[in-house]
Amino acid sequence: MAKYNDLKEVRGSIDDLVFYNLNGVPVVRKKSGFSTEAFANNPNYKKVKENSTEFGHCSKASKMIRMAVATFVENCGDKVMYQKFTKVMTNIKDLDKTSPRGQRRIELGLKSDEAQQLLRQFQFGEIPNLSKVAVMDIGLFNDSIAINQVADEAVLIHLNADFNNYVVKNTEKTYPLKGKNNLIEIEKQDENSLKLLFLVLKKKGN
């Protein structure tokens, strides 16, 4: 049965049409005729099941990482940022060339240089990534970052991500910055764990 707030806005279903809001915009679509029984047993849905499993993995991983840095990106000025970041996670998952379709994993995809570049280039809404506002030089053994940018302080966030249980342990450390040349030391990474680093630059609290 359809529900409506007024004559101009209908929500629910009428015959084979479904009315709902998508990001504040009223839309209508046809019912798919999809059933859970067919999804579970029909071999024609094999690829659909594989895609569904992988999408669920990417969606959970995306949320896990976004929530870990939420205080820095919650006002990024992009209402669909979560969709864009999930797309990045999906692209990284696709770079897992060792697992069969339906079982591809983000943590395996992240081993490629292309995947790491996708993360570096991602922009959180109106917040520019550091490649646009600073020049960073990674140390010879990846244990330091030289920041050539005038800013008041830097916050280095270490994320130890568990992509199986979708939990993350994060630590933050703030560094005062003086002048144009600053060196931030990074802890050595355990080869058996996956650590993501977020570097936040602040100037006058922004």
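All of these numbers come straight from a predicted model, not from anything done at the bench. (Residues numbered from 1 in each chain as written. Predicted model: local features only at pLDDT ≥ 70, side-chain atom pairs only at ≥ 80, totals over all residues. Heavy atoms only, no water.)

The next thing to look at is the overall build of the protein. If you tally the helices and strands in the protein, you get seven helices and 10 strands. Taking contacts inside the protein between residues at least 6 apart in sequence as the whole, the part at least 24 apart equals 57%. Accessible surface, the protein as shown: approximately 14100 Å² in total, 52% of it carbon and sulfur. (Helix = DSSP H or I, 4+ residues; strand = E, 2+ residues; numbered from the N terminus. Contact = heavy atoms within 4.5 Å. Areas by Shrake-Rupley, 256 points an atom, 1.4 Å probe, with all protein chains shown as cover.)

So, about the pairing of strand β6 (residues 144-147). Side chains of β6 alternate between two faces, with Ser-144 and Ala-146 and Ile-145 and Ile-147 buried alike. When β6 meets strand β9 (residues 182-185), the two strands line up antiparallel, connected through four bridges. Looking at the pairing, Ile-145 lines up with Ile-184 of β9. (Buried < 20%, exposed > 50% of the residue type's maximum accessible area, 1.4 Å probe, protein only. Pairing = 2+ DSSP bridges.)

Enumeration over the complete set of coordinates arrives at nine salt bridges. Ionic pairing is found between Glu-54 and Arg-104, a salt bridge with its closest N-O pair at 2.8 Å. Within this pair, whereas Glu-54 is found in helix α2 (residues 46-68), its partner Arg-104 is found in the loop between α4 (81-94) and α5 (106-109), the two being separated by 50 residues in sequence. Taken individually, Glu-54 and Arg-104 each receive the classification buried, so the pair is uniform in this respect. Notably, a salt bridge pairs Lys-84 with Asp-78, separated by 2.9 Å at the nearest N-O pair. With a relative accessible area of 42%, Lys-84 lands in the partly exposed category. Here Asp-78 falls in the buried class, since its relative accessible area comes to 19%. Put simply, Glu-54, Lys-93, Asp-94 and Arg-104 are held in one network by salt bridges that share partners. (Salt bridge = Lys/Arg side-chain N within 4 Å of Asp/Glu carboxyl O.)

Our focus in this paragraph is the sheet that holds strand β8 (residues 167-176). Hydrogen bonding along the main chain pairs the strands of a sheet, whether they run parallel or antiparallel. Strand order in the open sheet made by the three strands is β8-β7-β10, with antiparallel pairing throughout. Taken across any chain shown, the strands that pair with only one partner, and hence form the sheet edges, are β8 and β10 (195-202). Within the sheet, the average angular offset between the axes of one strand and its neighbour, ignoring direction, is 20 degrees. When strand β7 (residues 153-162) meets β8, the two strands line up antiparallel, connected through 10 bridges. The residue of β8 that forms the bridge with Asn-160 is Lys-169. (Axes fitted to C-alpha atoms, helices over the stretch in contact; angles between N-to-C directions.)

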